[in-house]
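Architecture and fold: a report
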Amino acid sequence: MGNKMTVYADNAATTKISPAALKAMLPYLDEAYANPSSIHSAGKAAADAVYRARVELAENLGCLPNELYFTSGGSEANNQAILTAAEIGAAENKKHIITSKIEHPSVLRVLKRLGTQGYEITLLDVGENGIVSLADVERAIRPDTCLVTIMAANNEIGTIQPAAEIGEICRKFSVLFHTDAVSAAGYIDIKPGALCADLLSLSAHKFHGPKGIGLLYAKKGVMPSQLILGGSQERGRRAGTLNVPAIVGMAAAFSEACVNMAKDNQKIARLRDKIIEGLLSIPGAKLHGDRTRRLAGNINVGFGGISGESLLLALDSFGIMVSTGSACEAGAAEPSHVLLALGLSEKEAKSAIRITLGRYNTELEANYIVECTAKAVGRLRSIANLEF
Ligand SMILES: *Cc1c(COP(=O)(O)O)cnc(C)c1O
């Protein structure tokens, strides 16, 4: 008793900053605070730091430094990517956009608005495993399609989409392809070249970098639309004083994630599989999303008859932090749109919890998660007089 273990297992919501990223940032939060747009030598030093970070990110992404635009995060990058393609499309009278039903709200809500502005949106279904079908993508493309936007990996159920194959289809039909790689970046290869992506979004806080900083990749020749107007930062495509410490931290965190990807994934996937195996031995347990085509750290599971929210709170009392669905939708009374798209009933969807592991989770924690979940599920069922 006494010193309760605390386990952070909500890495899809955000991750702990890595010591290396934090260390890289500190000088720019402290004495090296100058504005990188300033002409004096301190400004020049800040601009140099941003330049080095841009080159480092470009090397890890296999792209040109000038194809990267810093944003305030994944949501902004998704907004900007979609509006870019929508504007390019409108100029050619192409106002049809294809996406999937399981995209992040920062994609779906932008598309919903475009739907009220003369664009036609096709929302593709996914299979019950949470994967988009290539045949469906190809069938949906029309002469007036200006954009296909499909995420590289899903934030709630971790399923990995066949983004490279979707990108190839788009290239064949000369349609722009955007992928929301926010959940995938740092965990699977998301080089825009390999995915045939014209536009790609990522966000540092999902791979042990700081919050509030992200990237839009826009292929050479694809000019990002101006979401934020003002100064001439980012070649005039995104106004606002650059967040130098965050940019430096993002570059350090991304390099670290890329270098350690295979090793981290191997460790994380082993813990994930151990937890999945343990949880599936609880009667009435069901794993949501494809068993193997999923991110190394993702476990989305429901237990018959139990609300995910009660289970989350029970686990919290054991010191274990998980989520129901996604952090952006948490607190919403609505069941997850992702789980509904898999064909789950509302009740099943509301029974889900998401356990997401990362680089800093341990075997001891994995065992503790299984042990406490079994206990909590048993207790909640006995309170409700449920038999399983
Ligand atoms: C977290 C996330 C976002 C939003 O990124 P922010 O940097 O938090 O704005 C978008 N898409 C996916 C898939 C995500 O996981």
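Going by the structure above, here's the rest.
Report follows, based on the coordinates. Because the structure is predicted, anything quoted here is derived from the model rather than measured.

Another point: the overall build of the protein. Along the protein, the regular secondary structure elements total 13 helices and twelve strands. Computed over the C-alpha atoms, the radius of gyration of the protein is 21 Å, within 12% of the 21 Å expected from 2.2 N^0.38 for a compact globule of 388 residues. Dimensions of the protein, computed from the C-alpha atoms along their principal axes, are close to 65 × 55 × 35 Å. Here the protein holds 388 residues, and the buried ones make up 55% of them. When the accessible surface of the protein is summed, it comes to about 16,600 Å², and 55% of that surface belongs to carbon and sulfur atoms. Within the protein, one finds 40 positive and 39 negative side-chain charges whose respective centroids are separated by 2 Å.

This part is about the sheet that holds strand 7 (residues 199-203). With respect to topology, seven strands assemble into an open sheet ordered 2-8-7-6-5-3-4, the strand pairing being mixed. The strands lining the two open edges of the sheet, one partner per strand, are strand 2 (68-71) and strand 4 (120-124). Neighbouring strand axes in the sheet, compared pairwise and without regard to direction, differ in orientation by 20° on average. The sheet contacts of helix 3 (residues 74-91) involve strand 2, strand 5 (145-149), strand 6 (176-180), strand 7 and strand 8 (214-218), and relative to strand 7 the element is tilted by about 170°.

Another point: the environment of R139. Turning to its location among the elements, R139 is positioned in helix 5 (residues 134-140). Side chain to side chain, R139 and D136 meet in a polar contact 2.7 Å long.

Another point: the site of the ligand. Surveying the vicinity of the ligand reveals 14 residues, the closest of which are G74, S75, D180, S203 and K206. Between G74 and the ligand, the recorded distance is 2.8 Å, taken from a backbone N or O atom to an oxygen atom. Interatomic distance of 2.6 Å between a side-chain N/O atom of S203 and an oxygen atom of the ligand. In the complex, the protein chains occlude 88% of the 380 Å² of accessible area that the ligand would expose alone. No other element matches the three residues that helix 3 contributes to the shell around the ligand. Each residue belonging to the shell around the ligand can be placed in one class, and the counts come to two nonpolar, ten polar and two charged.

Moving on to the nonpolar core. Formed by 65 residues in total, the largest nonpolar core has its most connected members in F70, V148, I190, L202, F207 and M250. Per element, the largest residue contribution to this core is ten residues, and it comes from helix 8 (residues 244-259). Residues from two domains meet in this core; each of domain 1 (7-16 + 261-383) and domain 2 (19-256) gives at least three. Apart from residues lying up to four places away in sequence, F70 is in contact with V50, R54, L57, I213, G214, L215, E234, R238, L242, I247 and M250. The next biggest cluster of nonpolar side chains, apart from the first, holds 32 residues, and it includes L287, A296, C372 and L380.

Here the focus is a nonpolar patch on the surface. Together, L22, L26 and L29 line one region of the surface with nonpolar side chains, adding up to about 270 Å² of accessible area. Relative to the elements of secondary structure, L26 occurs in helix 1 (residues 19-29).

Covered by surrounding structure in strand 2 are L68 and F70 together with Y69 and T71, the residues of both alternating faces. With four bridges connecting them, strand 2 and strand 8 associate as antiparallel partners. Counted as the bridge partner of L68 is Y217 from strand 8.

How each quantity is defined
Once a new chain begins, its residue numbering starts again from 1 and follows that chain's sequence as written. In view of the model being predicted, local features appear only for residues whose pLDDT reaches at least 70, and side-chain atom pairs are presented and counted only at 80 or more, with totals across whole chains, interfaces and linings using the full set of residues. Water and hydrogen atoms play no part in the side-chain values, which are based on all heavy atoms of the structure. A run of H or I in DSSP becomes a helix once it reaches four residues, and a run of E becomes a strand once it reaches two; helices and strands are each numbered from the N terminus. Within these notes, the globule rule equals 2.2 Å times the number of residues to the 0.38 power, and the radius of gyration is based on C-alpha atoms. Per-residue accessibility, obtained with a 1.4 Å probe over protein chains only, is compared with the maximum for each type, and a residue is labelled buried under 20%, exposed over 50%, and partly exposed between these values. A 1.4 Å probe and the Shrake-Rupley method give the accessible areas. Residues count as covered only by the protein chains that appear here. Only four residue types enter the charge count: Lys and Arg as positive, Asp and Glu as negative, with His and the chain ends excluded. By convention, the point assigned to a charge is CZ for Arg, NZ for Lys, CD for Glu and CG for Asp. In this scheme, strands are said to pair when DSSP sees at least two bridges between them. The convention used is that axes are lines fitted to C-alpha atoms, helices contributing only their stretch in contact, and that angles between N-to-C directions extend from 0 to 180 degrees. Throughout, a contact is declared for two residues whenever any of their heavy atoms are within 4.5 Å. Identification of polar contacts relies on pairs of N or O atoms within 3.5 Å, with a donor-acceptor requirement for protein atoms, meaning one able to donate a hydrogen and the other able to accept it, and with residues adjacent in sequence counted only if both atoms are side-chain atoms. Here a residue is near a molecule or strand as soon as one of its heavy atoms is found within 4 Å of it. For this classification, the nonpolar set comprises Ala, Val, Leu, Ile, Met, Phe, Trp, Tyr, Cys and Pro, the charged set comprises Asp, Glu, Lys and Arg, and every other residue, Gly included, is treated as polar. Side-chain atoms within 4.5 Å are what join buried Ala, Val, Leu, Ile, Met, Phe, Trp, Tyr and Cys residues into a set we call a nonpolar core. An automatic or database domain assignment is the source of the domain bounds shown. The patches reported here contain residues having more than 30% relative accessible area and no salt bridge. Joining distances are 9 Å for like charges and 5 Å for nonpolar side chains (Val, Leu, Ile, Met, Phe, Trp, Tyr). Any carboxyl oxygen of Asp or Glu within 4 Å of a side-chain nitrogen of Lys or Arg constitutes a salt bridge here.

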